[in-house]
Amino acid sequence: MERHELPHAIVYTSNTGHTRQYAEMLGQKLQLPALALDKAITQLPEKSCVLYLGWIHANRIKGYSRAVRRFSVCAACAVGLCDMGTLLSEVRRATSVPDTIPLFTLQGGFCSGKIKGLDKILIAMLQKGLSAQQQRSAQEERMLQLLQQDKSYVCEENLTGILAWYREYTAER
Ligand SMILES: Cc1cc2nc3c(=O)[nH]c(=O)nc-3n(C[C@H](O)[C@H](O)[C@H](O)COP(=O)(O)O)c2cc1C
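Just so we're clear, the structure is a prediction, and the values are computed from it rather than from any experiment.

1. Overview of the site of the ligand
Near the ligand, the surroundings consist of 22 residues, among which S14, T16, H18, T19 and G109 are the closest. Take A58: an N or O atom from its main chain is 3.0 Å from a nitrogen atom of the ligand. Alone, the ligand offers 640 Å² of accessible surface; in the complex the protein occludes 93% of this. In this structure the site holding the ligand corresponds to the largest pocket. Secondary structure elements with two or more residues in the shell around the ligand: α1 (18–30), β3 (49–57), β5 (72–80) and α5 (117–132). Sorting elements by how many residues they give to the shell around the ligand places β3 first, with three residues. Of the residues assigned to the shell around the ligand, the class counts are ten nonpolar, eleven polar and one charged. Formed jointly, the shell around the ligand draws a minimum of three residues from each of two domains, domain 1 (9–109 + 153–171) and domain 2 (112–151).

So, in C-alpha cells, the structure goes:
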C-alpha cells in the first residue's frame, strides 16, 4: 500500500474571514495548527506537507501557486460563494491544480462590507452585468441570488467530504 506523508498544518489565505473559519474548524478537528500563508512561510520548513485552503477569486484559488512553490500540498480546498461541490473542474483548470491533488469546493459566503479596492469594483461589475442580462443560465441566476444576500454558509457539516478523504488518506498510510 502507498505511504503518504501526513500534513503538518492547515495553511490558508482568506480575505473576508470565511476561509479562515474553515481552516480553524478543520485544524480543531484534525488537531493541526491553522496558519495564514504568510505566517506559515516564516514558521514551517520548506516542503512541509500541508493541507491548503484558499478563497476563490474568478475561479482561481488565492495563494495556491505560492503555497505549492513552498510546501508539499496534499489536498486543496477552494472556498467560494458557489454552492458546495460545484465549480470543481473550472477551479482545477483555472488554478492548474493537477489531477493528483484532491480538490474540494466549500461554500464560504459574501460580506460586501469587507471587500475593498479593485475587488469591490469587480463584484459591482459582475452584479451589474448579471442583472442586466436578459437571459441567465441556472449557474448565473444562482450567483446573482447569492451576491444579493450578505450571508455566511460556513458550517461544520460542509467539512464532511474533506474529513472523509482525510480518514482514508491517513488509513492508507
Ligand atoms: C473579486 C471577487 C471574485 C470572486 N470570484 C468568485 C468566483 O469566481 N467563484 C466563487 O464561487 N466565488 C467568488 N468570489 C466569492 C468569494 O470566493 C467568497 O466570498 C469567499 O467566501 C471569500 O472567502 P474569504 O471570506 O475567506 O475571503 C469572489 C469574490 C470576490 C471579491
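2. Some points on the pairing of strand β6 (residues 103–107)
Burial analysis of β6 places five of its five residues in the buried class, which makes it a mostly covered element. Here β6 shows no split at all, with L103, T105 and Q107 on one side and F104 and L106 on the other all buried. Pairing of β5 with β6 involves five bridges; the strand directions are parallel. Bridging from a neighbouring strand, G80 pairs with Q107 of β6.

3. Focus: the pattern of salt bridges
Pairing of side chains with opposite charge becomes possible as their charged atoms draw close. Applying the stated criterion across every chain, the model contains six salt bridges. Between D38 and R66 there is a salt bridge whose closest N-O contact spans 2.9 Å. With a gap of 28 residues between them, D38 in helix α2 (residues 37–43) and R66 in helix α3 (residues 64–70) connect regions that are remote in the sequence. Judged by relative accessible area, D38 falls into the exposed class, the value being 51%. Given the relative accessible area of 37%, R66 is considered partly exposed. Residue R136 is joined to E141 by a salt bridge in which the shortest nitrogen-to-oxygen separation is 2.9 Å.

4. Quick notes on the layout of surface pockets
Computed from the structure, the largest pocket encloses a volume of approximately 900 Å³. Forming the boundary of the largest pocket are 35 residues, of which I56, A58, L81, I123 and M143 lie nearest the centre. Only α1, β3, β5, α5 and α6 (138–147) provide two or more residues apiece to the lining of the largest pocket. The element contributing the most residues to the lining of the largest pocket is α6, with six residues. Here the residues of the lining of the largest pocket sort into 17 nonpolar, 13 polar and five charged.

Calculation criteria
- Residues numbered from 1 in each chain as written.
- Predicted model: local features only at pLDDT ≥ 70, side-chain atom pairs only at ≥ 80, totals over all residues.
- Heavy atoms only, no water.
- Near = heavy atom within 4 Å.
- Polar contact = N/O pair within 3.5 Å; in protein donor to acceptor, adjacent residues only side chain to side chain.
- Areas by Shrake-Rupley, 256 points an atom, 1.4 Å probe, with all protein chains shown as cover.
- 1 Å grid on protein atoms, 1.4 Å probe; cavity = no way out; pocket = protein on both sides within 12 Å on 5 of 7 lines; lining within 4 Å.
- Sits in = over half its atoms within 2 Å of the grid points.
- Helix = DSSP H or I, 4+ residues; strand = E, 2+ residues; numbered from the N terminus.
- Nonpolar A, V, L, I, M, F, W, Y, C, P; charged D, E, K, R; others polar.
- Domains from an automatic or database assignment.
- Buried < 20%, exposed > 50% of the residue type's maximum accessible area, 1.4 Å probe, protein only.
- Pairing = 2+ DSSP bridges.
- Salt bridge = Lys/Arg side-chain N within 4 Å of Asp/Glu carboxyl O.
- Points joined across faces, edges and corners; volume = space filled by probe spheres on them.

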